[in-house]
Amino acid sequence: MMTRRANFYCQTERRFGHWIWALPVLLVVSLLTIRNLDHQTPSRDEFASLMNVGWVIDGPYSPADALKALARNSPDQSPFYFLMLNLWGSFVPNDIALARVLSIYCGLLFLAFAFRLARDFIAPVCGILFLMIIVSNAFINLYYPVARMYQLLLLASTLSLWTYLRIMVRHRVPATRDYIAFFLSCLVLASTHAGSVFLILSVGAYHVLAAPKSKRWLHVVFCAALALLFYSPWAIHQFTNGLTRFTSVNSGNTIVSVIPVLSAFVDILSNGSLLLVFVTIAGLALALRKQHQPARRFTVLFLIYLAIIIFFEQVFGIFNTSRLRYFLPGALLALLCMVAALYSLYRYKPLLILVALLWPILGLAYQHRAGWMQYIGDLRVSIGKIPYHAILRESRDTRIEPRYIAYRTHPYHLTKPLFGVRPIDIYSGGGTIDFSSAQSLEQFIDSSNADALTASDQWIIFHENIVDADETEFMKQTMENLNYQLCNTQKFSNDTLVLKFGWVTLQCNPPQPLVSDSTTLIHYQFLGAREIDSGRTLAFSDTWMAKAGASTDQYNMSYQLINADWENVAQLDLPLVHEGIPRQFTIDISHLPAGRYRFVAVLYELESGKRFNWSGGEELAPWMLTLTEIEL
């Protein structure tokens, strides 16, 4: 009987321990995370990542420039992720979505090595169990498509723990490459995030207290010490200049002050389910009673980690429930304990492996609960909000620089200065984007009317689920009254709708000259004309630039309709304003009879009435520039 059960376990574990079982999980995670690249607006922390590496505002930085910017702007941050992002930015266009792809790569590598970690040091079947638990954790899933260092932190934590156990637990003599891998993983871990110090201290304490003392023990100490020595110059700067802003006035309180933080930590690890906590405790108790060495090892490591966290909180008061992402290395240890607990239940009764299905079921339920959003810090202002970066990319791809109006939704942190620059301007590559917010239809009228003469395109952005059909129709009518036409309606993620309006004179095309000419004073371009209002009004658009050294304050442009008898039958005189910016104006033509008319432009001096000849003007009237001919 025992032989058959042992054979069953061996065959099952060999079968499910193969790497091919991890491949579908990695593919599913890849698909889901890549689809979410444009699902939320960038957080201010993501903009800070791009700002610090010089990716999107000052042109490409060298790695040395990136380190200087990081030391100046974010002295509390560790440098390795930013160096990777700086290098990544040398190969891909400066787009938020592509910056996030780097995090997804790190996340996928984390999953691959997490599979190896659990398979190699708990049991072969535990690799796939570990992946099941990880991808079911809503908190970890949140950070895959985010341009920050947290997936790299999980990867570095997994690598350092895996390489450590390869040296200390496996019976074969470690090769030189094992020690080199451990040294590099420790260096990467230390230089990825300040929160890594708690995992380093935990493994260090375990190494001193529980690891067998041998040459391997000394070699591990040497590799870890060498890695920390390499990192020490930046660590001194980081801990003396940056981390003081994280300290709290609550330092030195009793253990009660740590309870909310630990409770929140348990909440995100268990997907808000006391049932999973109970299953984990029961499984670990069974494993410890049966003296299952992997379960004991990871339980001890996690308990040491908790003790260190409690100590630091009492002394420095550096944690709160919105900073749980700093605990991701500890989450790795806790999830390993969960896997060991599941495995002990499986060894006790094979059918209890079905308990593993609780993790994805409860994970999906937890993801749709609002309460856990308090734990995600800066990402709270990004989740479910308008994906402005995707809309900005759309305008760049169409070579249009529209004016944006956010209706009944704020652009939030995108317009609040970061390091002295608006994040939305950082993302645009240093250009200034015209962005406004309208919280009522009255404000919308004022906002859309403000630049109607000079904004060739206005894009109205709103959440479709909070704006009704009557409001949408009112906005369309308002824009039509301002001589715009609806060019396109496009839907983005999070129920975001964008109404794209353009001047009627351009007929939804980018501004481009139909007629170009010059005088001794200006360069002039005519962009288009169109009858509107059932033929009662002529709308037209143009742009101009003064020649070098010329002053245009005392000059007007006269726009005239000339009939077949060369009579001026309609006229609009305007000062030369809005230099270099396309303009759209209208002329009343309701009084004109049917017929063919010549639309011309005349530049003259206000005081003397002196007219300037166009280089390509009419032979009989060289001061007249024919813009177009109109049939009424």
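Up top is the structure.
The following refers to the structure shown. None of the values given here were measured: they were computed from a predicted structure.

The rules behind these values
- Residues numbered from 1 in each chain as written.
- Predicted model: local features only at pLDDT ≥ 70, side-chain atom pairs only at ≥ 80, totals over all residues.
- Heavy atoms only, no water.
- Helix = DSSP H or I, 4+ residues; strand = E, 2+ residues; numbered from the N terminus.
- Rg over C-alpha atoms; globule rule 2.2 N^0.38 Å.
- Buried < 20%, exposed > 50% of the residue type's maximum accessible area, 1.4 Å probe, protein only.
- Contact = heavy atoms within 4.5 Å.
- Areas by Shrake-Rupley, 256 points an atom, 1.4 Å probe, with all protein chains shown as cover.
- Lys, Arg positive; Asp, Glu negative; His and termini not counted.
- Charge placed at Lys NZ, Arg CZ, Asp CG, Glu CD.
- 1 Å grid on protein atoms, 1.4 Å probe; cavity = no way out; pocket = protein on both sides within 12 Å on 5 of 7 lines; lining within 4 Å.
- Points joined across faces, edges and corners; volume = space filled by probe spheres on them.
- Nonpolar A, V, L, I, M, F, W, Y, C, P; charged D, E, K, R; others polar.
- Pairing = 2+ DSSP bridges.
- Axes fitted to C-alpha atoms, helices over the stretch in contact; angles between N-to-C directions.

### Description of the overall build of the protein chain
Line of reasoning, step 1. Secondary structure assignment for the protein chain yields 21 helices and 13 strands.
Line of reasoning, step 2. In terms of overall size, the protein chain is more extended than a compact globule, its C-alpha atoms giving a radius of gyration of 33 Å where 632 residues would be expected to give roughly 26 Å.
Line of reasoning, step 3. Overall size of the protein chain, expressed as C-alpha extent along the three principal axes, is 110 × 50 × 45 Å.
Line of reasoning, step 4. For the protein chain, the residues scored as buried account for 53% of the 632 residues in total.
Line of reasoning, step 5. A separation of at least 24 residues holds for 74% of the contacts in the protein chain among residues at least 6 apart in sequence.
Line of reasoning, step 6. Only carbon and sulfur atoms are counted for the fraction: they give 60% of the accessible area of the protein chain, which is about 28,300 Å².
Line of reasoning, step 7. With 49 positive and 45 negative side-chain charges, the protein chain shows a separation of 27 Å between the mean positions of the two kinds.

### Digging into empty space enclosed by the protein
Line of reasoning, step 1. Under the definition given, this model contains one cavity of 30 Å³ or more.
Line of reasoning, step 2. The residue inventory of the lining of the largest cavity, partitioned by class, reads five nonpolar, one polar and four charged.

### Overview of the sheet that holds strand 7 (residues 522–532)
Line of reasoning, step 1. Read across the open sheet, the four strands follow the order 6-7-8-11; overall the sheet is antiparallel. On the outer flanks of this sheet lie strand 6 (515–518) and strand 11 (583–588), each paired with one strand and no other. Shown here is a sheet whose adjacent strand axes are inclined to one another by a mean of 30°, direction ignored.
Line of reasoning, step 2. Pairing of strand 7 with strand 8 (residues 537–546), which is carried by 10 bridges, proceeds in the antiparallel orientation. Its bridge partner lying in strand 8, E531 is registered against L538.

### Structural notes on unusual backbone geometry
Line of reasoning, step 1. Phi is positive for D495, close to 55°, though the residue is something other than glycine.
Line of reasoning, step 2. Note that D495 resides in the loop between strand 4 (484–492) and strand 5 (496–503).
Line of reasoning, step 3. Looking at D495, the relative accessible area reads 33%, which means it is partly exposed.
Line of reasoning, step 4. For W566, which is not glycine, the phi dihedral falls at a positive 60°.
Line of reasoning, step 5. One can find W566 in the loop between strand 9 (555–562) and strand 10 (568–575).

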